[in-house]
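# Structural overview
Each chain is listed here by its residues.
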Amino acid sequence: MSYQALSPGGLDYLPCRYGHSKILFRGPRRSLSDPFVAFFGGTTTYGKFIQTPFPDVLEADLGTTCVNFGSLNGGVDVFATDPFLRDVTTKATATVVQITSPRNMSNRFYRVHPRRNDRFVDASALLRAIYRDVDFAEFNFTNHMLQRLITISPERFETVLDELRSAWVARMRLVLSQIQGKSILLWASDMSPEDADCNLDAEPAFVNRAMLEEVASLATHYVEVVASQEAMAMSINEMVLSEMDVPAASKMLGPSVHNEIAMALKPALQSVL
C-alpha cells in the first residue's frame, strides 16, 4: 500500500473547544476576533485523515481566516442545538454549511447522541410499535440500526424514511434561518443527490433533490461538488493514516477531492467576502 502515516496514530488533529461548547473541533484553536469564515459540517469538513482539509486550502488561497467547526460524525443536530455555533454565525463574515445525512439526527423515531450524531441512543415507542420484531438494545450506531430495519421490512422502512426526510428539512431550515450573515450550503460527495437518495452507504444518504430545493433558498449560495473519478481513485494513497484505518478511510473523500471542494467554493466565497 502507498498510503502515508506520520505515526502509528496518524494525524494529530490538535482537537480544541471554543467558548462553552462541549464539541471537540479540529485545531489549532483560532482567534475569532478578526474577520473569519466559519465552516460547519461533519467528518468531511473536519478532514479526518486529511492533512490539509478544504477550509485550510481556502484560507491559503483567499488569505482569509477559515475556522473549521466540523465535528467527527457530526450531523445537523450539532449545528442546530449548540448555542456557541449559533452565536458564531453572528460574528462570521460567511458560514459554509456542509450537508449531512438525516440518518444521524434525532427525530420522532429515535434519538442520537447530541455530539457524536452517529451514535444510536434509543428508539421511541412509535418505532418499537412499527418494528415489534426488533431488539433495539443491540444497536450502538444509527447505520447498523437502519440497515437492519431496511433488511427486515423495506415497506415499513418507508415510514421511517419519510420521517427522517421531513425532520431533516425542518432542522436545516432552522439552521439556515438562524445564520445572521451570508451562508453557503455545500453538497460534497462522491455521488450526486440523485444517486445518494436511497443509498444507505452514501454520504450524505437519504437527501434528494427535492429536499435540497426546499432549503437552498434560505442560503446565499448553493454549491454542489461531486468528486471526480480521478480524485476518488487517488484518495486512499494521499491520506495520512495507519494500516488499521484503511477500511474506514476507503469510504472517505481524499485530499484531491478536498482541493476540488475548495475550488468549487472559492467563487461563492469571493462574492460574499
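Starting from 1, residues in each chain are numbered consecutively following that chain's sequence as written. Note on the predicted model: pLDDT of at least 70 is required for a residue's local features to be given, and 80 or more for side-chain atom pairs to be given and counted; whole-chain, interface and lining totals, by contrast, use all residues. Working from all heavy atoms in the structure, the side-chain values ignore hydrogens and water.

## Brief notes about the overall build of the chain
To be explicit about the condition: Secondary structure is summarised from DSSP: a helix means a run of H or I of at least four residues, a strand means a run of E of at least two, and numbering begins at the N terminus for each. For the radius of gyration, the atoms used are the C-alpha atoms, and the globule rule reads 2.2 Å times the number of residues raised to 0.38. Think of it in three bands: with a 1.4 Å probe and only protein chains considered, a residue is buried below 20% of the maximum accessible area for its type, exposed above 50%, and partly exposed in between. In what follows, a contact means two residues having at least one pair of non-hydrogen atoms within 4.5 Å.
Counting its regular elements, the chain contains 12 helices and 7 strands. The C-alpha radius of gyration of the chain comes to 18 Å, within 12% of the 19 Å expected for a compact globule of 273 residues. Across its three principal directions, the C-alpha atoms of the chain cover 55 × 45 × 35 Å. Counting across all 273 residues of the chain, residues that qualify as buried make up 53%. If you take every contact in the chain between residues at least 6 apart in sequence, the share linking residues at least 24 apart comes to 67%.

## Description of the packing of helix α6 (residues 142-152) against helix α7 (residues 154-178)
The line we're drawing: Every axis in this analysis is a line fitted to C-alpha atoms, fitted for helices over the stretch in contact. Angles between the N-to-C directions lie between 0 and 180 degrees. Note on terminology: angles under 35 degrees are roughly parallel, angles over 145 are roughly antiparallel, angles of 65 to 115 are roughly perpendicular, and the others are oblique. Under the scheme applied, nonpolar residues are Ala, Val, Leu, Ile, Met, Phe, Trp, Tyr, Cys and Pro; charged residues are Asp, Glu, Lys and Arg; polar residues are all the others, including Gly.
It is at 6 Å that the axes of α6 and α7 come closest, and there the two elements cross at 140°. Taken as axis vectors, α6 and α7 run oblique relative to one another. From α6, L146, L149, I150, T151 and I152 reach across to α7, where they touch P154, R156, F157, V160 and L164. Residues that form the contact of α6 with α7 fall into these classes: 8 nonpolar, 1 polar and 1 charged.

## A word on the packing of aromatic side chains
Rule in force here: Planes of paired rings set the category: under 30 degrees apart is stacked, over 60 is edge-to-face and the rest tilted, where pairs are Phe, Tyr or Trp rings (Trp by its six-membered ring) whose centres lie within 6.5 Å. The rule for a charge over a ring is simple: NZ of Lys or CZ of Arg within 6 Å of the ring centre, and within 35 degrees of the ring normal.
Summed over all chains, the structure comprises 14 aromatic pairs. Ring geometry for Y13 against Y46: centres 5.3 Å apart, planes inclined by 50°, an arrangement best described as tilted. Taken together, the positions of Y13 in the segment before β1 (36-41) and Y46 in helix α1 (residues 43-46) put the pair 33 residues apart, joining distant regions of the chain. Y46 matches Y13 in its accessibility class, with the two residues each being buried. Geometrically, the ring pair formed by F120 and F139 is edge-to-face, given 6.3 Å between the ring centres and 85° between the ring planes. With F120 in strand β5 (residues 120-123) and F139 in the loop between α5 (125-130) and α6, this pair connects stretches of sequence that are 19 residues apart. The ring of F109 carries R108 above its face, with NZ or CZ at 5.4 Å from the centroid.

## Thoughts on the environment of H258
Mapped onto the elements of the fold, H258 is located in helix α12 (residues 255-272). A relative accessible area of 1% places H258 in the buried class. As for H258 and V57, which are separated by 201 residues in sequence, their C-alpha atoms are 8.0 Å apart.

## Some words on the environment of V67
With respect to the secondary-structure elements, V67 resides in strand β2 (residues 65-70). Under the relative-accessibility criterion, V67 is labelled buried at 0%. Note: C-alpha distance between V67 and F25 (42 residues apart in sequence) is 9.6 Å.

## Looking at the sheet that holds strand β3 (residues 94-98)
Worth spelling out the cut-off: Strands were regarded as paired on the criterion that DSSP finds at least two bridges between them.
In spatial order, the strands read β2-β1-β3-β6-β7; together these 5 strands make up an open sheet with parallel pairing. In this open sheet, the two edge strands, each paired with only one partner strand, are β2 and β7 (221-226). Averaged over all adjacent pairs, the angle separating strand axes in this sheet is 20°, with direction ignored. Here helix α2 (residues 54-62) sits on the sheet in contact with β1, β2 and β6 (182-189), set at roughly 175° to β2. With respect to the sheet, helix α4 (residues 83-91) is in contact with β1, β2 and β3, its orientation differing from that of β1 by roughly 150°.

## Description of the side chain of S192
Looking at the secondary structure, you find S192 in the loop between β6 and α8 (193-196). Apart from the residues lying within four places of it in its own chain, the contact partners of S192 are W187 and V226.

## Overview of the packing of helix α10 (residues 229-238) against α12
Angle between the axes and distance between the axes are the two parameters that describe a pair of packed helices. One way to put it is that α10 packs onto α12 with a least axis distance of 6 Å and a crossing angle of 125°. By the criterion of interaxial angle, the relationship of α10 to α12 is oblique. Of the residues in α12, those in contact with A231, M232, M234, S235 and E238 of α10 are P255, S256, V257 and E260.

## Comments concerning the environment of G181
Relative to the elements of secondary structure, G181 occurs in the loop between α7 and β6. The exposure class assigned to G181 is partly exposed, which follows from its relative accessible area of 32%. Taking C-alpha positions, G181 is 7.3 Å from T95, a pair spaced 86 residues apart along the chain.

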